[in-house]
Amino acid sequence: MVGKRSKILHRLDLALQSGEWWAIPWWQDEQYYLDGVYSKAHAEQAFAALAQVFDAKWFLQQKMPGPLHQVAHPIFGELLQEGLMPFHRLLRLGNDLHTVMQHKGNILGDLRRRLRHHQEFWGAHPELELFAHFLRGGSTIKRNPKSGSGLKRAEFEVVKGPETVFIEIKHLKQSKANTEITNISNGIFYEVIFALATNKSGILQYLELSDTLRQRAKTEEGLGKLRRECLQISQQIKSDILNKIVNGQWGHHIIDDIAEYELSPSTDDQPKAYCSLSGLPLRYEDEANKLVTNALESARVQLPKDSPGILIVISPFSLERHIVESVVNPVWSDEAYRHICGLVLVYKYFGSSTANLLQYHCELILNPYGIQDITHFSATREILSLGK
């Protein structure tokens, strides 16, 4: 165990000095290829693509967050952490990057910049995966084609055989209050997880903040108190978890009025994992109606009137289907919206999957008055297969 820890610290020291995180290629270890699913050549191709986007300059610019409202880039720690989970996640991301970067057209565009930014990564990731899905399926993609009213352009055009569909992607933005709630949750989780990163003895199965803290987040006064106390909260959680690991106290544990969690001992054949993180509740219902209405209105003028279009709404929070239907159902029959043949609601979340950096819940809401039925379109199937 001491030898492995020294190796991790040595790799971290080298990477922080040069920025070349790929200089010690831990992914070449034979353990990652025992199942025969991937070859080393395939992995090298994927990690080479990662190195082009997340280069040495980018790596050196990544700083460990000071104030808890700052969050490290989602893959920063993954690049330095051995194990099946980071291997599969990075391999998938790198493979998608390689597929898109090999395309003759410059469809990566501003995705490179957005993927490198810690706050924009989660929004850019599903778009990258979607482009890769389309290309592997044999579709032709054209970004920002002339399409809508005046100078308005759709996000991209997808052509496969006789099928042509225009797609517009809208990311729902959280309110200031929801952004702060998310940052407090992420800050607490990051502090805890980073403290456990080099601990090989235990696995954190889930961590859920208490109902007491969740209730506080529902008022401005309570949110202000959480903001002031989040460092203390994270320290209490870290200390409690580490003490339980040292003493071999596995199972379910409760920290009164702060959190509950479950620990299990790690084994050689079990990847280190952090999953099922449940933070503070978002206040989204009041703003969801307005957000979806604005997305629909924007797509109406950006998608071409004489071709089938799909609006993809990507939400950072769980958005119930009935809320979206309450917005779109009253306007579907309007001639002005019939070119929007369907809306795909995508809720992205960080799950416990070994292979996926992000997981998605996708739902198709068809326009019964649309100019074309897109149910069986290849593009529709590709969108609904996100994360699979």
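Some words on the overall build of the protein chain
A tally of helices and strands in the protein chain yields 12 helices and 10 strands. Classification of the 388 residues of the protein chain by burial places 51% in the buried group. In the protein chain, the proportion of contacts linking residues at least 24 apart, taken out of those at least 6 apart, comes to 71%. Accessible surface, the protein chain as shown: approximately 18300 Å² in total, 50% of it carbon and sulfur.

Overview of the pairing of strand 6 (residues 259-265)
Sheet topology places strand 4 (residues 202-209) next to strand 6; 7 bridges connect them, and they run antiparallel. The residue bridging Leu-209 from the neighbouring strand is Ala-259, located in strand 6. From the end of strand 5 (residues 251-255) to the start of strand 6, which pair antiparallel, there are 3 residues, and Asp-257 there has a positive phi angle of about 65°.

Quick word on the packing of helix 4 (residues 84-101) against helix 6 (residues 121-136)
Look at helix 4 against helix 6: their axes get within 9 Å of each other, and the N-to-C directions meet at 60°. By the angle class used here, helix 4 and helix 6 are oblique. Taken as a pair, helix 4 and helix 6 cross one another with a handedness that is left-handed. Only Phe-121, His-125, Leu-128, Glu-129, Phe-131, Ala-132, Leu-135 and Arg-136 of helix 6 make contact with helix 4, whose side of the interface consists of Arg-92, Leu-93, Asn-95, Asp-96, Leu-97, Thr-99 and Val-100. Class assignment of the residues belonging to the contact of helix 4 with helix 6 gives a composition of 8 nonpolar, 3 polar and 4 charged.

Here we look at helix 9 (residues 220-246)
If you check helix 9, its first and last C-alpha atoms are 38 Å apart, about what 27 residues at 1.5 Å a residue would give, namely 39 Å. Where helix 9 bends most, the angle comes to about 60°, and this point is Glu-229. Looking one or two residues beyond helix 9, the residue adopting positive phi is Gly-248, at roughly 65°.

Some points on the environment of Gln-205
As for its position among the elements, Gln-205 is in strand 4. Assessed through its relative accessible area of 26%, Gln-205 is described here as partly exposed. Sequence separation between Gln-205 and Leu-263 is 58 residues, and the spatial gap between their C-alpha atoms is 5.7 Å. A distance of 2.7 Å separates a polar atom in the side chain of Gln-205 from a polar atom in the side chain of Ser-264.

Re the sheet that holds strand 7 (residues 277-278)
Spatially, 4 strands are ordered 5-6-4-7 in an open sheet, and the strand pairing comes out mixed. Whereas interior strands pair on both sides, the edge strands pair on one side only; in this sheet they are strand 5 and strand 7. Seen against the sheet, helix 9 touches strand 4, strand 5 and strand 6 and runs at an angle of roughly 30° to strand 6.

Section: the environment of Ser-307
Within the secondary structure layout, Ser-307 lies in the loop between helix 10 (285-302) and strand 8 (309-315). By relative accessible area, which is 16% here, Ser-307 ends up buried. The sequence separation of Ser-307 and Arg-338 amounts to 31 residues, and the corresponding C-alpha distance is 9.8 Å.

With respect to the packing of aromatic side chains
Tallied over the entire structure, the rule returns 14 aromatic pairs. A ring pair is formed by Phe-54 and Trp-58, whose centres lie 4.9 Å apart and whose planes are at 65°; its orientation type is edge-to-face. We note that Phe-54, like Trp-58, is buried. Aromatic pair Phe-121 and Trp-122: ring centres 5.1 Å apart, planes at 75°, arrangement edge-to-face.

Some remarks on the pattern of salt bridges
Across all of its chains, the model carries 21 salt bridges by this definition. In this structure, Glu-30 and Lys-40 form a salt bridge, with 2.8 Å as the shortest nitrogen-oxygen distance. Linking Glu-30 in the loop between helix 1 (2-18) and helix 2 (40-53) with Lys-40 in helix 2, this pair joins segments that are 10 residues apart in sequence. Residue classification places Lys-40 among the partly exposed residues on the basis of a relative accessible area of 35%. Arg-321 is the salt-bridge partner of Glu-363, the closest N and O atoms lying 3.2 Å from each other.

Reading guide: rules and limits
Residues numbered from 1 in each chain as written. Predicted model: local features only at pLDDT ≥ 70, side-chain atom pairs only at ≥ 80, totals over all residues. Heavy atoms only, no water. Helix = DSSP H or I, 4+ residues; strand = E, 2+ residues; numbered from the N terminus. Buried < 20%, exposed > 50% of the residue type's maximum accessible area, 1.4 Å probe, protein only. Contact = heavy atoms within 4.5 Å. Areas by Shrake-Rupley, 256 points an atom, 1.4 Å probe, with all protein chains shown as cover. Pairing = 2+ DSSP bridges. Axes fitted to C-alpha atoms, helices over the stretch in contact; angles between N-to-C directions. Parallel < 35°, antiparallel > 145°, perpendicular 65-115°, else oblique. Left-handed = near helix turned anticlockwise from the far one by under 90°. Nonpolar A, V, L, I, M, F, W, Y, C, P; charged D, E, K, R; others polar. Expected span 1.5 Å × (residues − 1). Bend = angle between axes of the 7 residues up to and from the residue. Polar contact = N/O pair within 3.5 Å; in protein donor to acceptor, adjacent residues only side chain to side chain. Phe/Tyr/Trp six-rings, centres within 6.5 Å; stacked < 30°, edge-to-face > 60°. Salt bridge = Lys/Arg side-chain N within 4 Å of Asp/Glu carboxyl O.

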